[in-house]
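Structural overview
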Amino acid sequence: MAIHPNGLTALSGSEAGGIKLASLENGKVLGSLDSHVDGSSVERIVYLPPGSTSSSNPSLVASAGMDGRLVVWDLGVLSPRVVCGHPEGVTTLVAHPSNHMLITGALDGVVRCWDSRSGELAMAFRGHVDAVQAMDLSGDGWQILTGGEDCVVRVFDIRQGPL
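This one's a predicted model, so the numbers in the text were calculated from it and none came from an experiment.

So, the overall build of the chain
Each helix and strand counted, the chain has zero helices and 15 strands in total. Here the C-alpha atoms of the chain give a radius of gyration of 15 Å, agreeing with the 15 Å that 2.2 N^0.38 yields for 163 residues. Reported as C-alpha extents along the three principal axes, the dimensions of the chain are approximately 45 × 35 × 25 Å. A total of 163 residues make up the chain; the buried ones form 52% of that total. For the chain, the proportion of contacts with a sequence separation of at least 24, taken over those separated by at least 6, is 39%.

Right under this line is the structure:
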């Protein structure tokens, strides 16, 4: 689930793979986002910060699912802009606060950094031997903190690139 920064709408992902956009003022469904595979849960939804794509559109979101897809959506037209594939399900997702990077953690234990404008893989960090289940960014946005099912916490530095 993700609430728009203006507090007027929210997005909710389902276990069946769908995403609904709803008004927080009256509860009405305003639209549906359908690009994840049916029957494959949507694990995370985030709003992209302003300036994170080549567009000034403030209504861009990203979703990650167990179908192995990272999808960047344009809420203005309720359609995907970019789709990025993973070899296994995506369990977690964060948007970098000041650049165009989306960062995913997946069942294969790999943390991937994607360009939200083009969908290109910028870098990948390995170190977990099981699924990445939790992830956040440091306050300055340059370190990725991850926790995995391997009972290990890792810190990856975006500036240094993959080890």
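Observations concerning the sheet that holds strand S11 (residues 111–115)
What the four strands build is an open sheet, ordered S9-S10-S11-S12; its pairing is antiparallel. The sheet is open, and its two edges are formed by strand S9 (90–95) and strand S12 (121–125), each paired on a single side. Within this sheet the neighbouring strands show an average axis-to-axis angle of 20°, counted without direction. With four bridges connecting them, S11 and S12 associate as antiparallel partners. Bridged to Arg-112 within S12 is Ala-124.

As for the side chain of Ser-23
Looking at the secondary structure, you find Ser-23 in strand S3 (residues 19–23). According to the relative accessible area criterion, Ser-23 is buried, its value standing at 8%. A polar atom in the side chain of Ser-23 sits 3.1 Å from the backbone nitrogen of Glu-25. Beyond its immediate stretch of four places on either side in the chain, Ser-23 contacts Leu-8, Thr-9, Lys-28 and Leu-30.

Quick word on the sheet that holds S3
Pairing is antiparallel in the open sheet, where four strands are placed in the order S1-S2-S3-S4. The open sheet has two free edges, formed respectively by strand S1 (2–3) and strand S4 (29–33), since each of these has just one partner strand. For strand S2 (residues 9–13) and S3, the ladder comprises five bridges, and the chain directions are antiparallel. The residue bridging Ser-12 from the neighbouring strand is Lys-20, located in S3.

Quick word on the side chain of Ser-63
With respect to the helices, strands and loops of the structure, Ser-63 is situated in strand S6 (residues 60–65). Given a relative accessible area of 0%, Ser-63 falls into the buried group. There is a polar contact of 2.7 Å between the side chain of Ser-63 and the side chain of His-36. The contacts of Ser-63, once residues within four sequence positions are left out, are Ile-19, His-36, Val-42, Arg-44, Ile-45, Arg-69, Leu-70, Val-71, Trp-73 and Leu-93.

Let's talk about the nonpolar core
Val-46, Leu-48, Ala-62, Leu-70, Val-72, Leu-93 and Leu-102 are the most contacted members of the largest nonpolar core, which has 14 residues in total. Going through the elements one at a time, S6, strand S7 (69–74), strand S8 (79–85) and S9 are the ones with two or more residues in this core. Every residue in contact with Ala-62, bar those within four places of it in the chain, is listed here: Arg-44, Ile-45, Val-46, Leu-48, Leu-70, Val-71, Val-72, Leu-93 and Leu-102. Ranked by size, the runner-up nonpolar core spans 13 residues in total, among them Val-94, Met-101, Met-135 and Ile-144.

A short note on the environment of Leu-93
You can see Leu-93 is positioned in strand S9. Separated by 43 residues in sequence, Leu-93 and Asp-136 place their C-alpha atoms 8.5 Å apart.

Calculation notes
Residues numbered from 1 in each chain as written. Predicted model: local features only at pLDDT ≥ 70, side-chain atom pairs only at ≥ 80, totals over all residues. Heavy atoms only, no water. Helix = DSSP H or I, 4+ residues; strand = E, 2+ residues; numbered from the N terminus. Rg over C-alpha atoms; globule rule 2.2 N^0.38 Å. Buried < 20%, exposed > 50% of the residue type's maximum accessible area, 1.4 Å probe, protein only. Contact = heavy atoms within 4.5 Å. Pairing = 2+ DSSP bridges. Axes fitted to C-alpha atoms, helices over the stretch in contact; angles between N-to-C directions. Polar contact = N/O pair within 3.5 Å; in protein donor to acceptor, adjacent residues only side chain to side chain. Core = buried A, V, L, I, M, F, W, Y, C linked by side-chain atoms within 4.5 Å.

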